[in-house]
Amino acid sequence: MRSAFDALGGWAARSRLPAAAGGVLPIDLGADDDGDDTPDGPERARYRAVFISDLHLGTAGCQARQLLEFLKRHPSDTLYLVGDIIDGWQLRRKWFWPQSHNDVVQKLLRRARKGCRVVFVPGNHDEFARQFDGHQFGGIEVSNEAVHLTADGRRLWVVHGDHFDGVIQCAKWLAYLGDNAYELLLRLNRHLNSLRARLGLPYWSLSQYLKHKVKKALNYVMDFERAVAAEARSRGYHGVVCGHIHRPEMRSIDGTLYCNDGDWVESLSALVEHLDGRLELVHWAPGALPEGIAHGENARGQTIIGA
Ligand SMILES: [Mn+2]
């Protein structure tokens, strides 16, 4: 459901929010030591590139601790932050900034300081950053769209993806719902699953259930994927890396590689490029879940690697 709400949120933001909020980022730049002893320098990198998006820092749904664990174990030469990193919309409504979210931001800045090239491609929830296209913050490059060249010579267009909402008609009915509805849904889902855990039942994702049940949402996803791949193809790229719809995917669409790195609200997924240029979608096992819940598959039935 995030996808569709998010999508419509994009329209809402463009229509009613000022383009440049101009707010000060709630980042504490104080401590340098995040307790991670693993050097992030290129000499120790296990991955050529890592792509993550839709962290939604500043919302209760963000799985910041899981993300920190993932980042510690996935050093890379280049790290792409493919949008919706800090949720400016939610922060404007209600201030929510726990220590773990601050730790993520510090970790990203630290990684940039240690020699990792960090590229931030803003999304619709952090569109305030789009005005800083071409600038740098603490070593993090801001770029409204980027091009990644893989080790095997493929040119990938890196973009958040919200600009494709406008060309997709199927999701218009969702305009009547909003971000708050999604937050409520996630909270409901958490309570439901803590109850299910106590009853010894496996994790069950309400929003994933709805996503699969609501045909229009599915149509939206398909249309989104095709639209993004088609645009990448028309621009002459071999493929595209995006986020936005919170649905991890890597497949060829009419000969163009479509990669969606997922999100850190539910999917806990990332796209990685190995040193030889091979791309892989990785699913982080939610280590914080109680015993007996993570059975090697995540909520979408995909095999988990990592952890
Ligand atoms: Mn988005």
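Not measured: the values here are computed from a predicted model. (Residues numbered from 1 in each chain as written. Predicted model: local features only at pLDDT ≥ 70, side-chain atom pairs only at ≥ 80, totals over all residues.)

Draft legend 1. Examining the environment of leucine 271 more closely. As for its placement among the helices and strands, leucine 271 is situated in strand E11 (residues 269-273). The sequence separation of leucine 271 and proline 248 amounts to 23 residues, and the corresponding C-alpha distance is 8.6 Å. Apart from residues no more than four positions distant in its own chain, leucine 271 is found in contact with Phe51, Val241, Met250, Cys259, Asp261, Leu279 and Leu281. (Helix = DSSP H or I, 4+ residues; strand = E, 2+ residues; numbered from the N terminus. Contact = placed C-beta atoms within 7 Å.)

Draft legend 2. Representation of helix H4 (residues 99-113). Taking 1.5 Å as the rise per residue, H4 with 15 residues should run 21 Å; its terminal C-alpha atoms sit 21 Å apart, in good agreement. Of all the positions in H4, only His101, Asp103, Val104, Val105, Gln106, Leu108, Arg110, Arg111 and Ala112 are classed as buried. On the buried face of H4, the contacting elements are helix H2 (64-73), strand E2 (76-81), strand E3 (117-120) and strand E5 (140-142). In the segment just after H4, glycine 115 is the residue with positive phi, at about 110°. (Expected span 1.5 Å × (residues − 1). Buried ≥ 20, exposed ≤ 12 C-beta atoms within 10 Å, placed from the backbone.)

Draft legend 3. Looking closely at the packing of H2 against H4. Between H2 and H4, whose axes approach to 9 Å, the crossing angle comes to 25°. With respect to each other, H2 and H4 are oriented roughly parallel. In this structure, H2 crosses over H4, and the sense of that crossing is left-handed. Between H2 and H4, the contacting residues are Ala64, Arg65, Leu67, Leu68 and Leu71 on the first element and Ser100, His101, Asp103, Val104 and Lys107 on the second. Taken together, the residues of the contact of H2 with H4 break down into five nonpolar, two polar and three charged. (Axes fitted to C-alpha atoms, helices over the stretch in contact; angles between N-to-C directions. Parallel < 35°, antiparallel > 145°, perpendicular 65-115°, else oblique. Left-handed = near helix turned anticlockwise from the far one by under 90°. Nonpolar A, V, L, I, M, F, W, Y, C, P; charged D, E, K, R; others polar.)

Draft legend 4. Structural view of the sheet that holds E11. Strand order in the open sheet formed by seven strands is E4-E5-E3-E2-E1-E11-E12, with mixed pairing between adjacent strands. Edge strands, defined here as strands with exactly one partner in the open sheet, are strand E4 (136-137) and strand E12 (279-283). As judged from the five bridges shared by strand E1 (residues 47-52) and E2, these two strands associate in the parallel manner. Paired with phenylalanine 51 across the bridge in E2 is tyrosine 80. (Pairing = 2+ DSSP bridges.)

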